[in-house]
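Tertiary structure, described
Spelled out, the chains give:
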Amino acid sequence: MRLKYLTFLTITSILSLGMVVGCANPCAGKPDPCAGKSGEVKSDPCAGKSDPCAGKSDPCAGK
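Structure report, in brief. What you are looking at is a predicted structure, and each value in this text was computed from that prediction instead of being measured.

The next thing to look at is the overall build of the protein chain. Check the secondary structure of the protein chain and you find one helix and zero strands. Scored against the burial criterion, the 63 residues of the protein chain give a buried share of 0%. By element, 65% of the accessible surface of the protein chain is carried by carbon and sulfur atoms, the whole surface being about 6,400 Å².

The end-to-end C-alpha distance of helix α1 (residues 2-22) is 30 Å, a good match for the 30 Å that 21 residues give at a rise of 1.5 Å each. Counting buried residues in α1 gives zero out of 21 residues, a small share hidden from the surface.

Topologically, T7 is positioned in helix α1. T7 gets classed as partly exposed once you look at its relative accessible area, which sits at 38%. Within the local environment of T7, its side chain forms a polar contact with the backbone oxygen of L3, the two atoms lying 2.7 Å apart.

What counts and what doesn't
- Here the residue index of a chain counts from 1 through its sequence in written order.
- Local features in this predicted model are restricted to residues of pLDDT 70 or higher, and side-chain atom pairs are both shown and tallied only at a pLDDT of 80 or more, whereas totals for entire chains, interfaces and linings draw on every residue.
- Only hydrogens and water are set aside when side-chain values are computed; all heavy atoms of the structure are taken into account.
- Runs of E in the DSSP output that reach at least two residues are strands. Runs of H or I that reach at least four are helices, and both are numbered from the N terminus.
- Summary of the burial criterion: residues with accessible area below 20% of their type's maximum are buried, those above 50% are exposed, and those between are partly exposed, where the area comes from a 1.4 Å probe applied to protein chains only.
- Each accessible area is a Shrake-Rupley result for a 1.4 Å probe, and residues are judged covered by the shown protein chains and nothing else.
- Expected span of a helix, by definition, is 1.5 Å for each gap between consecutive residues, and there is one gap fewer than residues.
- In the analysis that follows, any N or O atom pair within 3.5 Å is treated as a polar contact, provided that within protein one partner can donate a hydrogen and the other can accept it, and provided that, for residues neighboring in sequence, both atoms belong to side chains.

Shown next as structure tokens:
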């Protein structure tokens, strides 16, 4: 009877510990939906293009 009781307590303890560890962080295996969104710098689409008005004179300069 004592062996049966000890076996029952041991199995219950192991299963309880497994449940606590398994359910401690349910989102641990899922990807973070906010990863990379904070502090993300958007690139300028016109950064590599030349200015079409760079060599032209200002038509309103003499007015």
